[in-house]
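Descriptive structure summary
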Amino acid sequence: DNIWDQLLIAPLRKLPAEDRPKVVILIDALDETDFTDPKGIVSCLKQKVRDLPSWVGVAVSSRPEYEIKTALARYKPVYIDCDEENNLDDLRLFVEHQLEQLQ
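Residues numbered from 1 in each chain as written. Predicted model: local features only at pLDDT ≥ 70, side-chain atom pairs only at ≥ 80, totals over all residues. Heavy atoms only, no water.

**Overview of the pattern of salt bridges**
- Considering all chains together, one arrives at four salt bridges under this definition.
- Among the salt bridges present, the one from Asp31 reaches Arg63, with a minimum N-O distance of 2.4 Å. Separated by 32 residues along the polypeptide, Asp31 in the loop between strand 1 (23–27) and helix 2 (41–48) and Arg63 in the loop between strand 2 (56–60) and helix 3 (66–72) bring together distant segments of the chain.
- The class of Asp31 is buried, set by a relative accessible area of 11%. (Salt bridge = Lys/Arg side-chain N within 4 Å of Asp/Glu carboxyl O. Helix = DSSP H or I, 4+ residues; strand = E, 2+ residues; numbered from the N terminus. Buried < 20%, exposed > 50% of the residue type's maximum accessible area, 1.4 Å probe, protein only.)

**A look at the pairing of strand 2**
- When strand 1 meets strand 2, the two strands line up parallel, connected through five bridges. Paired with Val23 across the bridge in strand 2 is Val56.
- Each parallel crossover has a hand, and for strand 1 linked through helix 2 to strand 2 it is right-handed. (Pairing = 2+ DSSP bridges. Right-handed = clockwise from strand over helix to strand, strands pointing away.)

**Side note on the environment of Asn86**
- By secondary structure assignment, the location of Asn86 is in helix 4 (residues 85–102).
- What makes Asn86 partly exposed here is its relative accessible area of 45%.
- Between the C-alpha atoms of Asn86 and Asp51, which are 35 residues apart in sequence, the distance is 34 Å.

By themselves these figures say nothing about function.
This is the structure in C-alpha cells:
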C-alpha cells in the first residue's frame, strides 16, 4: 500500500496532466502471483488503481481466475480471449506481416 503510493501514485500526481498522452502500465501474468495474499498485488490493484491520475491506465494479462476477476470487477475490465477465432485471425495476420518484412 504505502510503497505503491510512494513509488507510483505520488510521483505521477506531481506531473502536469494537461496535454499528457495516455500511459499504460502493463502487468503480465497476474495469475502467477499469490492472488489470495491480502497484501499482494491483486489486493493492491483492487484498492489503488482508482488513485492513479486519469491519464494513466492499467492493462493486465492473466488467466481468468475467479479471484482476480472478482477483485478487479469494479474497474469494468475488457476481456480478450486468446482462443477466440477473431483474435487468432488478428495474430495470424500480424505474424504473416512480420514474416513478409523479413523477406
